[in-house]
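Report on the structure
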Amino acid sequence: MQQGQRLKEATEGQIVQAGNKIGGPFKIGKPVYQEKRLKLFTEIYQRQKAELEAKEKTPITITLKDGKKLEGKKWVTTPLMIAVGISKKLAENMVAAKVVYDSLFEKNFVDVDHEDQQQQASSLNLKPDYLIWDLSRPLEGDCQLELLSFDDNNGKEVFWHSSSHILGSALEEVYGCHLCIGPAIDGGFFYDCYIGDYKVTQNDYVKIEKAAQDLVTSKQEFQRVVLTKDECLELFGTNPFKRQLITNKIPEGAMTTAYRCGNLIDLCTGPHLPNTSYVKAFQVTKNSAAYWLGKNTNDDLQRVYGVSFPSKRLLDEYVKIQKELALRDHRNVGKKQNLYLFHQLSPGSAFFYPSGAHIYNTLMNFLRRQYYIRGYQEVISPNIFNAQLWKISGHYDKYKENLFFINMGEEGEYGLKPMNCPGHCLMFDMIQHSYRDLPVRFADFGVLHRNEVHGALSGLTRVRRFQQDDAHIFCRMDQIQEEIKSCLEFLSYIYSLFGFEFKLYLSTRPEKFLGTKEVWDNAEYQLEQGLKKFGKHYEVNPGDGAFYGPKIDVKLYDAYKREHQCGTIQLDFNLPERFNLQYRASEDVQEVQKDKEQVHNEQVQVAQEIIDVVRKASHHSDTDNISTPPQHPQQQPAEIPVAEKGTQEQNVKQQKKQKQQKEPQQQQQQQQKQKLPEEIIESGSSQGLSQHELHKVLHEKKYELGYHHLKAGFARPVIVHRAILGSLERMIAVLTEQCGGKWPFWLSPKQLVLCPVSAYYKDVAEKIAARLRLEGYTVSTDESDQTLAKKVRNAQIQYYNFVGVIGEEEVRAGVIDVRDCEKNTRIGKLTIPQLCKFFESLKPPKSNVEVEIHEHDDSHFKLNDELQEKMFLEGDGYSVGKRDFDEFAKIKDIDPALQNLIRWHKYMTHLTKKDEAPEKVQQVEQQQE
């Protein structure tokens, strides 16, 4: 289910409105507009029904999922008829159908309450597009047919979308309101409505549910009609919100559809259930305020949420789970365990107390260790940047409303970074890289800020200040596959530690994209191959890639099968182009020399431009520093009168003297033109330009918007955006609810509490606690005067992992009596070394990368030890000979970095010198004789 997409479409859309408020005065009452609306709808419905009956009923072939072929009639046979023909019981459990037509004769209709779903075909989108079809709607040609139940995601979406219409009908009956948008979402549905200043409360739930139940009991059909724009405006003439949707989203001459459900008529492309009786259980779950189109300057709306099921049993299970989730709600657990709290003076920013900070830091440190093992380099980048950075990256125009800006006066506009990628682009660019250096993997835990709307803030799941396990991999195109595979293995390992399941979706080229089709096809192929190498099932999500590159969406599922969007892997061609990122791709001497000359010329040109800027700014006020241009022959000065010749001769002498003084200055200027920008910057004050202004000219020249040419012998890298936990705040919220506050030992802020049986043993307990803290464990002591049983019970209530009892017997034996709080079982009496070894066994299992490294090292060190005492069988003492390899074939399998050759070399050299020594003595004696 595409919750994010639906919600975005429902709140943003492609709407242009003249004024902010369009709802106007409102009074709760009976929906008087229904009678006229129903009359008009009925006329249209009957006319189109007659047109349908008049169409030619030609035979069609319907292929079921199992390959079985059935005969039907075009414009007559419905999926429900097929289901009933197979089994009446089967038909009762089906809610919709998935249809793939050989050829579709129906027009495309404008989806008024959702974004248009136009997509550019991707090279990976090889499967035919399918349609989700109403069970009661006649088929329109030869097709493949699959019946869907509530258990199917598409079936669930149809079921909840139909239920949202039932909710909308109930809201109209109760309030006579103006309905706005009512989509299906993950976990149910909602409907936005305008009721003036009235606020829905929990006291209203009963009457809303009763109105909905009346509609369900009456078994109202969902009737579909096709409408012109004028017919839509006539049908919804009294609803200003629907009128605005119709006016702005339906082009002239285009068509859309609407459905009727009892007295409700709403714009919708469907599909829907055959009738309302399919909904066996319906419940209003919550309500909230909302804004029309999601803008806080627009009308205030009331949003009512609901959920429904095809059986009462499923609703009962849902209610039970919701009660458990309420107990696990991270906001409640965080407050109860003193992990994190929020304050109105800093909305959207969490205050992490020591226990919460321990979890936060432990997650980061664990990832840091994995980074070092996997070849990542942690970096630290600034928190605040000039707004020019976001203009270059493209975020300024697209996400300006979500950035925090600061006016720095003459320095211009600055902003707090909402993501790390632009800053990492600067870091990559400031150091020249060779193709041998790639991939470069930058990891950053920097603090990020996003200006989320106040009403959207929700605990740790939607905040304004956060950190994330952000990494950007700068790599070559031929490295993408391995990097993607490595990222997926990293992600799988981390998620397995917490018991998360996840699904992978390959999102391909959208309708509007950056770059060429060939580059995208290659990138998608690389991602696909990386996914195949990883080996886990994935689905293609056509047209849902980012405009700057294809991506792998990772949907994580917790113990309650709730979906979370945390990790992501994205390819990016956009930022390397915008920031003109390049790496040396060739070692050819001629190309390198050519590139150096080109760079030098570009630097000199920029430097000259800087000087020109200074001169222009001065308006040639300093004539001593500006040479006089040569005069044209026709513009020679007129003859000087005799009376003035004496004075003129003096002027000529003075000019010659000035010219002699100018020549050194002109030579200096000519040399200045040839200086590199760095030298000019160092002497910027002599040119009347500050270092800040010089840097600004240089960098604006370099990072100008537009197409950037590659230098000779250089290539452009590809960026892989990679996050696994995503926002640490959001992940801690997910983990809090996943664990229910019972943290795994390695992550727990309360690993052990020591309980002395009496005050006499408090000092011993504190010394043991200090010793265990030195080993890196979180240990506290309970020095209260309560009984031992009460202390153990308190440890369990406070979610300690273990409790250690210390009494006379334990002190005498030098041990701690350890008990498991969660299982309420006794571990045994352990010495401090034994306890540390036990705790060590509770740490996360090693990743495959760590296991491979250890296995590799262990086997090589073992083999190295076996060969340590061996001597070379041949050779000069400095290299292994053929006989050595023949006898010790395993030598070839040893990593050269771990071979014991150096030790062998020294030994053989010693033997050689020892053998040579007597011979040299003998030679000397012979010479003397």
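Naming follows an unreviewed UniProt entry, where the protein chain appears as Probable threonine--tRNA ligase, cytoplasmic of Paramecium pentaurelia. According to the UniProt record, the Sequence similarities (unreviewed entry) comment for the protein chain reads "Belongs to the class-II aminoacyl-tRNA synthetase family."

Bringing the overall build of the protein chain into the picture now. On a plain count of helices and strands, the protein chain comes out with 29 helices and 34 strands. Counting across all 929 residues of the protein chain, residues that qualify as buried make up 47%. Taking the intrachain contacts of the protein chain between residues at least 6 apart in sequence as the baseline, contacts between residues at least 24 apart amount to 74%. Carbon and sulfur atoms form 50% of the exposed surface of the protein chain, whose accessible area is close to 49600 Å².

With that settled, consider the packing of helix α15 (residues 480–497) against helix α16 (residues 517–534). Each pair of packed helices gets described by two things: the angle between the helix axes and the distance between those axes. Orientation of α15 relative to α16, taken along the N-to-C sense of each, is 45 degrees, at an axis distance of 8 Å. In this view, α15 runs oblique relative to α16, as classed from their interaxial angle. In this structure, α15 crosses over α16, and the sense of that crossing is right-handed. Mapping the contact onto sequence places Ile480, Gln481, Glu482, Ile484, Lys485, Leu488, Glu489 and Ser492 in α15 and Tyr525, Gln526, Leu527, Gln529, Gly530, Leu531, Lys533 and Phe534 in α16. Across the contact of α15 with α16, the residue classes tally to seven nonpolar, five polar and four charged.

The N-to-C vectors of helix α11 (residues 354–374) and α15 enclose an angle of 150 degrees; their axes lie 13 Å apart at closest approach. Comparing their axes, α15 and α11 come out roughly antiparallel. As α11 packs across α15, the resulting crossing turns out to be right-handed. On the side of α11, the interface is formed by Phe366, Leu367, Gln370, Tyr371 and Arg374, while α15 contributes Ser486, Phe490, Tyr493, Ile494 and Leu497. A per-class count over the contact of α11 with α15 returns seven nonpolar, two polar and one charged.

Here the structure, examined in full by the defined rule, presents 37 salt bridges. Here Arg328 ties to Glu324 by a salt bridge, and the two come within 2.8 Å at their closest N and O atoms. Here Arg328 pairs with Glu324, and both are found in helix α9 (residues 312–328), just four residues apart, close to one helical turn. Between Lys551 and Asp553 there is a salt bridge, and its shortest N-O distance comes to 3.6 Å.

What follows covers the nonpolar core. Core analysis: the biggest nonpolar cluster contains 58 residues, and Leu363, Ile494, Tyr495, Phe498, Leu504 and Ile552 have the highest contact counts within it. Among the elements that take part in this core, α15 stands out by supplying 10 residues, more than any other. If sequence neighbours within four positions are ignored, Phe498 has contacts with Leu363, Leu735, Gln738, Trp746 and Leu747. Counting 41 residues, the second largest nonpolar core, distinct from the first, contains Leu179, Ile195, Tyr259 and Ala281.

Turning our attention to the environment of Tyr291. Residue placement: Tyr291 occurs in strand β12 (residues 281–291). Residue Tyr291 is classed as partly exposed on the basis of its relative accessible area, which comes to 32%. With sequence-adjacent residues up to four places away left out, Tyr291 is seen in contact with Asn296, Asn298, Asp299, Asp300 and Leu301.

A few words now on the environment of Asn20. The residue Asn20 is located in the loop between α1 (3–11) and α2 (34–54) in this model. Assessed through its relative accessible area of 43%, Asn20 is described here as partly exposed. Sequence separation between Asn20 and Thr297 is 277 residues; the distance between their C-alpha atoms is 6.0 Å. Sequence-distant contacts of Asn20, that is, excluding residues within four places in its chain, are made with Thr297, Asn298 and Asp299.

Right, let's get into the sheet that holds strand β9 (residues 222–228). Taken in spatial order, the three strands make up an open sheet running β9-β10-β11, and their pairing is antiparallel. Single-partner strands in this sheet number two, and they are β9 and β11 (264–267). Strand-to-strand twist in this sheet, taken as the mean axis angle between neighbours without regard to direction, amounts to 25 degrees. In terms of strand pairing, strand β10 (residues 255–261) meets β11 through four bridges, oriented antiparallel. Across the sheet, Ala258 pairs through a bridge with Leu267, a residue of β11. On the sheet, α2 packs against β9, β10 and β11 and is oriented at approximately 90 degrees with respect to β9.

Right, let's talk about the sheet that holds strand β18 (residues 405–407) for a bit. Spatial ordering of the open sheet is given by β17-β19-β18, a layout of three strands whose pairing is antiparallel. In the strand order of this sheet, the two ends are held by β17 (384–386) and β18, each with one partner. When strand polarity is set aside, the average angle formed by the axes of neighbouring strands in this sheet is 30 degrees. Where β18 and strand β19 (residues 413–416) come together, three bridges link them in antiparallel fashion. Bridge assignment links Phe405 to a residue of β19, and that residue is Gly415.

In this section: helix α6 (residues 205–217). Its 13 residues give α6 an end-to-end C-alpha distance of 18 Å, which sits within 8% of 18 Å, the value for a rise of 1.5 Å per residue. Those residues of α6 lying buried are Tyr205, Ile208, Ala211, Ala212, Leu215 and Val216. The arc that holds every buried residue of α6, seen down its axis, measures 145 degrees, which confines them to one face. Turned more than 90 degrees away from the buried face of α6, the exposed residues are Val206, Lys210 and Thr217. In this fold, the buried residues of α6 make contact with α5 (153–175), β10 and β12.

Each disulfide consists of a covalent bond between the sulfur atoms of two cysteine residues. Counting across every chain of the model gives zero disulfides. Here Cys475 is not disulfide-linked; the sulfur of Cys487 is the nearest cysteine sulfur, at 9.0 Å. With a relative accessible area of 0%, Cys475 lands in the buried category. Cys821 takes part in no disulfide bond, and the closest cysteine sulfur to it belongs to Cys755, at a distance of 8.1 Å.

The subject of this paragraph is the pairing of β19. Remember that side chains alternate between the two faces of the sheet whenever the strand is regular. As defined by bridge partners, β17 adjoins β19 across three bridges and the pair is classed as antiparallel. The residue bridging Asn386 from the neighbouring strand is Tyr414, located in β19. With antiparallel pairing between neighbouring strands as the criterion, β18 and β19 make up a hairpin whose turn holds five residues, including Gly409 at a positive phi of roughly 70 degrees.

This brings us to helix α3 (residues 79–86). Turning to α3, its buried residues are Pro79, Ile82 and Ala83. Projected onto a plane normal to the axis of α3, the buried residues spread over an arc of 100 degrees and lie on a single side. Elements in contact with the buried residues of α3: β1 (59–64), β2 (69–73), α4 (88–93), β3 (94–101), β4 (131–133) and β5 (143–149).

Cis geometry marks the peptide bond from Gly270 to Pro271, where omega comes out at -5 degrees. Residue placement: Pro271 occurs in the loop between β11 and β12. A positive phi angle, close to 70 degrees, is found at Trp75, a residue other than glycine. By the element assignment, Trp75 lies in the loop between β2 and α3. The phi torsion at Tyr799 lies on the positive side, around 60 degrees, for a residue other than glycine. Looking at where Tyr799 falls in the secondary structure, it is placed in the loop between α24 (788–797) and β32 (802–806).

Under the defined criterion, the tally for this structure stands at 38 aromatic pairs. With a centroid separation of 5.8 Å and 70 degrees between ring planes, the pair formed by Phe442 and Phe474 is classed as edge-to-face. Here Phe442, found in strand β20 (residues 440–444), pairs with Phe474, found in strand β22 (residues 465–475); they are 32 residues apart in sequence, far enough to count as distant. Note on Phe474: relative accessible area 0%, which makes it buried. Its guanidinium or amino end placed over the ring of Trp133, Arg137 lies 3.8 Å from that ring's centre, counting from NZ or CZ. Positioned over the ring face of Phe190 is Arg303, at 4.0 Å from the centre of the ring.

Thresholds applied
- Residues numbered from 1 in each chain as written.
- Predicted model: local features only at pLDDT ≥ 70, side-chain atom pairs only at ≥ 80, totals over all residues.
- Heavy atoms only, no water.
- UniProt positions renumbered as here; feature names shortened; annotations may be inferred.
- Helix = DSSP H or I, 4+ residues; strand = E, 2+ residues; numbered from the N terminus.
- Buried < 20%, exposed > 50% of the residue type's maximum accessible area, 1.4 Å probe, protein only.
- Contact = heavy atoms within 4.5 Å.
- Areas by Shrake-Rupley, 256 points an atom, 1.4 Å probe, with all protein chains shown as cover.
- Axes fitted to C-alpha atoms, helices over the stretch in contact; angles between N-to-C directions.
- Parallel < 35°, antiparallel > 145°, perpendicular 65-115°, else oblique.
- Left-handed = near helix turned anticlockwise from the far one by under 90°.
- Nonpolar A, V, L, I, M, F, W, Y, C, P; charged D, E, K, R; others polar.
- Salt bridge = Lys/Arg side-chain N within 4 Å of Asp/Glu carboxyl O.
- Core = buried A, V, L, I, M, F, W, Y, C linked by side-chain atoms within 4.5 Å.
- Pairing = 2+ DSSP bridges.
- Expected span 1.5 Å × (residues − 1).
- Arc of directions from axis to C-beta.
- Disulfide = S-S within 2.5 Å.
- Phe/Tyr/Trp six-rings, centres within 6.5 Å; stacked < 30°, edge-to-face > 60°.
- Lys NZ or Arg CZ within 6 Å of the ring centre and 35° of its normal.

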